[in-house]
Amino acid sequence: QVQLVESGGGLVQAGGSLRLSCAASGRTFSSYVMGWFRQAPGKEREFVGSITWSGGNTYYVKGRFTISRDNAKNTVYLQMNSLKPEDTAVYYCAAAPCITCSYDYWGQGTQVTVSS
């Protein structure tokens with residue numbers, strides 16, 4: 001069974017940093033694209049960025065965020081710096097077979113709260 005498990009969320013003050021992790025298991029994700037999304041209360045889910053497992057190519061939306069991966073650990077990271085209260089949301093990781101494909105697998109999400 002495929003599992004994506006996020007961790008690393010929490011409460012942080014504005015200007016602080018957090019690193020989220022997404023551990024993947026249950027299949028080989030070497031050809032997949034891993035994406036990060038977020039959903040704030042009352043808002044639609046928003047794309048944050050993505051990374052390919054194989055080449056490590058990244059596609060960002062937020063300049064304050066960076067995405068990396070550790071193939072040996074089957075884990076993808078989202079480093080978030082200079083956090084703002086508007087970054088408060090539930091953050092999800094997801095997996096897609098290709099960069100233009102829909103995301104097939106989703107994690108349960110991790111809450112990030114940024115206080116002002």
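Let me sum up the structure you'll find in this document. This structure is a prediction, so every number in the text was calculated from the model and none was measured.

**Overview of the sheet that holds strand 8 (residues 75–80)**
Item 1. Strand order in this open sheet of 4 strands is 1-3-8-7, and the pairing throughout is antiparallel. Edge positions in the sheet fall to strand 1 (3–7) and strand 7 (65–70), since each of these pairs with one other strand and no more. The mean angle between the axes of side-by-side strands here comes to 15 degrees, regardless of whether they run parallel or antiparallel.

**Side note on the pattern of salt bridges**
Item 1. Tallied over the entire structure, the rule returns 3 salt bridges.
Item 2. Between Glu 46 and Arg 38 there is a salt bridge; the shortest N-O distance is 2.8 Å.
Item 3. Arg 64 is the partner of Asp 87 in a salt bridge, and the nearest nitrogen-oxygen pair spans 2.8 Å. With Asp 87 in the loop between strand 8 and strand 9 (89–96) and Arg 64 in the loop between strand 6 (58–60) and strand 7, the pair connects residues that are 23 residues apart, well separated along the chain.
Item 4. According to the relative accessible area criterion, Asp 87 is buried, its value standing at 1%.
Item 5. Residue classification places Arg 64 among the partly exposed residues on the basis of a relative accessible area of 24%.
Item 6. Within the structure, one salt-bridge network assembled from shared partners comprises Arg 38, Glu 46, Arg 64 and Asp 87.

Calculation notes
Residues numbered from 1 in each chain as written. Predicted model: local features only at pLDDT ≥ 70, side-chain atom pairs only at ≥ 80, totals over all residues. Heavy atoms only, no water. Pairing = 2+ DSSP bridges. Helix = DSSP H or I, 4+ residues; strand = E, 2+ residues; numbered from the N terminus. Axes fitted to C-alpha atoms, helices over the stretch in contact; angles between N-to-C directions. Salt bridge = Lys/Arg side-chain N within 4 Å of Asp/Glu carboxyl O. Buried < 20%, exposed > 50% of the residue type's maximum accessible area, 1.4 Å probe, protein only.

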